[in-house]
Amino acid sequence: MHKDLHELLRSLRVWDPEVTRLPPFDPAAAPGAPLPLFAEWFAEAVAAGEREPHTMSLATADAEGLPDVRIVMLHGADEEGWSFATHADSRKGRHLAGRPYAALAFYWPALGRQVRVRGPVTTAPPEQARADLHARSAGALAAALTGRQSEVLHSPGELARASESAWDRARREPDAVAPTWTLYRLRPAEVEFFQGDAHRRHVRLRYRHTAEGWVSELLWP
């Protein structure tokens with residue numbers, strides 16, 4: 001089994017030119033702040049056919065400082081920060097309550113690009129969390145109403161019954177409130193843009209927020 005895995009790994013090639021376009025990136029022409037460049041790269045990822053460009057890895061740490069990571073959805077990015085949502089009593093919600101600092105990573109393989117963001121995390125006002133949830137699909141509301149995220153599930157049937165009830169309520173009450181649903185905002189202290197290069201001369205442009213504003217610098221790949 002392990003041999004098959006290693007053979008499969010060795011057979012894979014990064015940035016196959018048949019499916020990947022490695023665009024040029026001139027860091028000297030980059031804007032003075034990371035948000036405009038992120039918006040530009042995000043739009044280009046959509047145009048390149050990335051199926052879920054708004055999904056991102058979210059890394060948090062528990063009370064002992066042990067890391068954890070999962071895939072979540074980006075809900076927005078503006079001057080207030082990069083936004084995502086979850087239940088306050090979920091594992092990541094508990095992590096953020098104890099250590100309100102996190103890191104995000106986007107990967108858009110069709111373009112050979114990554115964006116990494118890290119910084120302190122705050123919670124948005126409850127009315128903004130409700131508005132964000134109700135602007136999404138009935139399925140998103142049903143999932144939020146199902147709740148109990150990260151708790152032990154005793155049987156698939158238990159989930160099916162809770163989900164069916166939540167779907168029914170979401171259809172009947174499109175403005176239903178999920179009390180623990182929370183909108184979080186990560187205000188970036190650092191943002192790194194990584195552009196892959198076929199000759200492995202990757203471009204890494206890092207923005208750091210200082211008391212005087214944003215400063216940028218290149219990093220060795």
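Residues numbered from 1 in each chain as written. Predicted model: local features only at pLDDT ≥ 70, side-chain atom pairs only at ≥ 80, totals over all residues. Heavy atoms only, no water.

(A) Structural view of the nonpolar core. Core analysis: the biggest nonpolar cluster contains 28 residues, and F38, W82, F84, F106, V115 and F193 have the highest contact counts within it. Here this core takes five residues from helix α2 (residues 34–47), the largest share from any one element. The contacts of F84, once residues within four sequence positions are left out, are M56, L58, V72, M73, H75, L96, V121, T182, L183 and Y184. Formed by 14 residues, the second largest nonpolar core is a distinct cluster that contains A129, A142, W181 and L183. (Core = buried A, V, L, I, M, F, W, Y, C linked by side-chain atoms within 4.5 Å. Buried < 20%, exposed > 50% of the residue type's maximum accessible area, 1.4 Å probe, protein only. Helix = DSSP H or I, 4+ residues; strand = E, 2+ residues; numbered from the N terminus. Contact = heavy atoms within 4.5 Å.)

(B) Spotlight on the layout of surface pockets. One number sums up the size of the largest pocket: a volume of about 470 Å³. Taken together, 26 residues line the largest pocket, and the ones lying closest to its centre are H87, A143, G147, R148 and Q149. Broken down by secondary-structure element, the contributors of at least two residues to the lining of the largest pocket are β2 (67–73), β4 (81–87), α5 (138–146) and α6 (156–172). Its residues assigned to classes, the lining of the largest pocket comprises 13 nonpolar, seven polar and six charged. (1 Å grid on protein atoms, 1.4 Å probe; cavity = no way out; pocket = protein on both sides within 12 Å on 5 of 7 lines; lining within 4 Å. Points joined across faces, edges and corners; volume = space filled by probe spheres on them. Nonpolar A, V, L, I, M, F, W, Y, C, P; charged D, E, K, R; others polar.)

(C) Region of the structure containing the pairing of strand β5 (residues 101–108). Of the two faces of β5, only one is covered, namely that formed by A102, L104, F106 and W108; the face formed by Y101, A103, A105 and Y107 stays uncovered. One ladder, built from three bridges, connects strand β1 (residues 55–61) with β5; its direction is antiparallel. By the bridge assignment for β5, A59 is matched with A103. Linking two consecutive strands that pair antiparallel, namely β5 and strand β6 (residues 113–123), is a turn of four residues; a positive phi of about 65 degrees is found at G112 within it. (Pairing = 2+ DSSP bridges.)

(D) Region of interest: the side chain of R70. Along the polypeptide, R70 turns up in strand β2. Within the local environment of R70, its side chain forms a polar contact with the side chain of T60, the two groups lying 3.0 Å apart. The contacts of R70, once residues within four sequence positions are left out, are M56, S57, L58, A59, T60, R91, K92 and H95. (Polar contact = N/O pair within 3.5 Å; in protein donor to acceptor, adjacent residues only side chain to side chain.)

(E) Representation of a nonpolar patch on the surface. A surface patch of nonpolar side chains, amounting to about 400 Å² of accessible area, comprises L5, L8, L9 and L12. Inspection of the secondary structure assignment puts L12 in the loop between α1 (2–11) and α2. Using a relative accessible area of 53% as the deciding quantity, one classes L12 as exposed. (Patch = residues over 30% accessible without salt bridge, like charges linked within 9 Å, V, L, I, M, F, W, Y side chains within 5 Å. Areas by Shrake-Rupley, 256 points an atom, 1.4 Å probe, with all protein chains shown as cover. Salt bridge = Lys/Arg side-chain N within 4 Å of Asp/Glu carboxyl O.)

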